[in-house]
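Each chain is listed here by its residues.
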Amino acid sequence: ALFPFSVAKSRTFPKKKINEWLSESSEHFVIFGAESDRKNAEEIIQQNKNIKITSFCGDYELRKSIALISSCKYAIAADSGLGHISSIIGIPTISFFGAGRSIETRPIGRSNIIIDKSELCNPCKKNICCLNSIKKSDVNYAIDSLRLDS
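Residues numbered from 1 in each chain as written. Predicted model: local features only at pLDDT ≥ 70, side-chain atom pairs only at ≥ 80, totals over all residues. Heavy atoms only, no water.

### So, the environment of Leu146
Its location among the elements puts Leu146 in the segment after helix 7 (136-145). Counting along the chain gives 33 residues from Leu146 to Ile113, while the straight-line C-alpha distance between them is 7.6 Å. When neighbours within four sequence positions are excluded, Leu146 is seen to be in contact with Tyr74, Pro92, Thr93, Ile94, Ser111 and Ile113. (Helix = DSSP H or I, 4+ residues; strand = E, 2+ residues; numbered from the N terminus. Contact = heavy atoms within 4.5 Å.)

### A closer look at the pairing of strand 5 (residues 93-97)
Within strand 5, 5 of the 5 residues are buried, which leaves the element mostly enclosed by the surrounding structure. Burial of the side chains of strand 5 extends over both faces: Thr93, Ser95 and Phe97 are buried on one face and Ile94 and Phe96 on the other. By the bridge criterion, 3 bridges tie strand 4 (residues 75-77) to strand 5 in an arrangement that is parallel. In the sheet register, Ala75 faces strand 5, and the bridge partner there is Thr93. Taken together, strand 4, helix 4 (residues 81-88) and strand 5 form a β-α-β motif whose crossover is right-handed. (Buried < 20%, exposed > 50% of the residue type's maximum accessible area, 1.4 Å probe, protein only. Pairing = 2+ DSSP bridges. Right-handed = clockwise from strand over helix to strand, strands pointing away.)

### Considerations on the pairing of strand 2 (residues 28-31)
Sheet topology places strand 2 next to strand 3 (residues 52-55); 4 bridges connect them, and they run parallel. Counted as the bridge partner of Ile31 is Ser55 from strand 3. In this region the chain leaves strand 2, passes through helix 2 (residues 38-47) and returns to the parallel neighbour strand 3; the handedness of that crossover is right-handed.

### Here's the deal with the packing of aromatic side chains
Within this structure, the stated rule accounts for 7 aromatic pairs. With a centroid separation of 5.2 Å and 85° between ring planes, the pair formed by Phe13 and Trp21 is classed as edge-to-face. Residue Phe13 is classed as buried on the basis of its relative accessible area of 4%. Relative to Tyr74, the ring of Phe29 lies with its centre 6.4 Å away and its plane at 85°, an arrangement referred to as edge-to-face. Of the two residues, Phe29 sits in strand 2 while Tyr74 sits in the loop between helix 3 (62-69) and strand 4, which places them 45 residues apart along the sequence. As far as burial versus exposure is concerned, Phe29 and Tyr74 are alike and both buried. Pairwise contacts between aromatic rings join Phe3, Phe32, Phe56 and Tyr60 into one cluster. (Phe/Tyr/Trp six-rings, centres within 6.5 Å; stacked < 30°, edge-to-face > 60°.)

Next comes the structure, spelled out in C-alpha cells:
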C-alpha cells in the first residue's frame, strides 16, 4: 500500500521522490486516498510508468479501504491517518515524518518503522528538507528491516 498524501500539503510525499524510492521494485503498489487525491494519484502513476501502481483514491469508503489495506504485504505512508490505521491493524508500515513530530505522533502498531530526517532542518521549513532528504537507501533499509519473509 502507498499512502503518499496527507491533509497537510507539507507532509505529502514529493512526487519526484516516489520514483527514486520505488524504482527497481517488482512490487505492485496501490495508492489509497480520498476523492480529492485522485488527480495527484494519476499524476504519480503517469510519472512512474516503470513502477506498477494502481490508484484506489476515492473508490471506496474508509471501511472498505481498511479491508483492502489489511491484505497488503506492507505500507509506505506519509504522516497520515491511513499510516496510523495500517499500523494498528498489523500491516508492517514505514512512515515518513518531518518537523520533529514522530516522537509525539508516530503510529503505535508493532511492526512499524519511522523514517524521520527532521534533524536536518532546524528551524523547520515545513517538511520540505526532511522529506526530500529521504533516500532510496533509507527506504530499502526500512523495507528490509520489516523482515517480510520471516
